[in-house]
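One-letter residues, chain by chain:
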Amino acid sequence: MITIAIANQKGGVGKTTTAINLATALAAIGWKVLLVDLDPQGNASTGLGIASNERDRSSYDLLVGDNGVEELAIATKVPRLDIVPATVDLSGAEVEMVDMEDRVTRLRSKFAALPEGKWDICLIDCPPSLGLITVNAMVAAKQLIVPLQCEFFALEGLSQLLKTVERVRTGINPELAILGIALTMYDRRNKLSQHVADDVRACLGDQVLNTIIPRNVRVSEAPSHGIPALVYDLKCPGSAAYLSLAREIIDRLPALAKEAA
């Protein structure tokens, strides 16, 4: 199973929107997709139509309890897309995990117990922090996608994230690699967006994905209906951008894509 963490310690960068729509796009091409919601706000769960009263068990049980991935995953309205939902209980998970010997490898252990072929790919929607939950995701994943908004403070905090990635790679998970940095919230009417995009590409080069996700009202509306933008309005610019992003990501990991096919 291909495992990709989607992380940025800054909030409001389009991280969850990217996770939902990328998962939907991959499911649409026939892949069996699992989305693990590790954000206590549970926005990915809500955005895929999983109501609070349907979340009897959650990713909290995955990190703190003895439950396995299979017994916690539930189907979404999108064919071939399952989710391990999140609840507010997750906000206390880090405190409970501090004294556990396997506190940074619990998620990896749960994934290792999965039968081969259950899912082709897993996307992990991380919380907006660099705490134990995000570190668990980085230890469990082989690839990392970093959504980065096209705004003034885009690069602020990115160096801290990259240092965390390097520490995880050096100390626990040498296979972790940055698959790409996805530029989000691009406003073509605003010259600042173009300047930021140019600056990010100048600093980070090929690590930046070619696809840029624009600001789009239809993408913002979709979560309130409990469906991804790709289902809510396939033809809107935001949906088109996420389809392009999915194709680009598949192209960036051909060996892994063959493994999942």
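First, a word on what this report is: a plain description of the structure on this page. (Residues numbered from 1 in each chain as written. Predicted model: local features only at pLDDT ≥ 70, side-chain atom pairs only at ≥ 80, totals over all residues. Heavy atoms only, no water.)

## Things to note about the overall build of the protein
To be explicit about the condition: In this text, helices come from DSSP runs of H or I with a minimum length of four residues, and strands from runs of E with a minimum of two, each type numbered from the N-terminal end. Here the radius of gyration uses the C-alpha set of atoms, whereas the globule reference equals 2.2 Å times the residue count to the power 0.38. Only protein chains enter the accessibility calculation, which uses a 1.4 Å probe. A residue is then buried if its area is under 20% of the maximum for its type, exposed if over 50%, and partly exposed in between. Residue contacts are defined here by distance: any two heavy atoms, one from each residue, within 4.5 Å place the two residues in contact. For the accessible areas, the method is Shrake-Rupley and the probe is 1.4 Å, while residue cover comes only from the protein chains on display.
A tally of helices and strands in the protein yields 13 helices and eight strands. Relative to its length of 261 residues, the protein is compact, with a C-alpha radius of gyration of 17 Å against a globular reference of 18 Å. The principal-axis extents of the C-alpha atoms in the protein amount to approximately 50 × 40 × 35 Å. Looking at the 261 residues of the protein, the share that counts as buried comes to 55%. Taking all contacts inside the protein whose residues are at least 6 apart in sequence as the whole, residues at least 24 apart take part in 79%. When the accessible surface of the protein is summed, it comes to about 11600 Å², and 51% of that surface belongs to carbon and sulfur atoms.

## Brief notes about the layout of surface pockets
This is how it is decided: Grid spacing is 1 Å over the protein atoms alone, the probe is 1.4 Å, and a cavity is where that probe fits but cannot get out, while a pocket is an open set with protein on both sides within 12 Å along at least five of seven lines and lining residues have an atom within 4 Å of a point. Grid points are joined across faces, edges and corners, and a volume is the space filled by probe spheres set on the points. Ten residues, namely Ala, Val, Leu, Ile, Met, Phe, Trp, Tyr, Cys and Pro, are considered nonpolar, four, namely Asp, Glu, Lys and Arg, are considered charged, and the remaining ones, Gly among them, are considered polar.
Approximately 570 Å³ is the volume attributed to the largest pocket. In terms of lining residues, the largest pocket is bounded by 30 residues, among which G14, K15, T16, T17 and M185 are the most central. Broken down by secondary-structure element, the contributors of at least two residues to the lining of the largest pocket are helix 1 (15-28), helix 2 (43-47), strand 7 (177-186), strand 8 (208-214) and helix 10 (217-221). With five residues, the top contributor of residues to the lining of the largest pocket is helix 1. Here the lining of the largest pocket is built from residues that sort into 13 nonpolar, 13 polar and four charged. There is about 340 Å³ of room inside the second largest pocket. M1, T3, F111, A112 and A140 are the residues nearest the centre of the second largest pocket, which is lined by 19 residues in total. Listed by contribution, the elements that provide at least two residues to the lining of the second largest pocket are strand 1 (2-6), helix 6 (106-112) and helix 7 (132-140). Among the elements that make up the lining of the second largest pocket, the one with the highest residue count is helix 6 (three residues). In the lining of the second largest pocket, the residues fall into 10 nonpolar, three polar and six charged.

## Some remarks on the pattern of salt bridges
If the charged atoms of two oppositely charged side chains come close together, the side chains can form a pair. Here is the rule we go by: For this analysis, a salt bridge means a side-chain nitrogen from Lys or Arg found within 4 Å of a carboxyl oxygen belonging to Asp or Glu.
Enumeration over the complete set of coordinates arrives at 10 salt bridges. Between E166 and R169 there is a salt bridge, and its shortest N-O distance comes to 2.5 Å. One end of the pair, E166, and the other, R169, are both in helix 8 (residues 158-171), three residues apart, so they sit about a helical turn from each other. On the accessibility criterion, E166 (38% relative accessible area) is partly exposed. Looking at R169, the relative accessible area reads 25%, which means it is partly exposed.

## Notes on unusual backbone geometry
Although it is not a glycine, R80 sits at a positive phi angle of roughly 70 degrees. Tracing the backbone through its elements, the reader meets R80 in the loop between strand 3 (74-75) and strand 4 (81-84).

## A few points about helix 7
Taken across its nine residues, helix 7 has nine buried, putting it largely inside the fold. Every buried residue belonging to helix 7 is among L132, I133, T134, V135, N136, A137, M138, V139 and A140, and all of these are buried.

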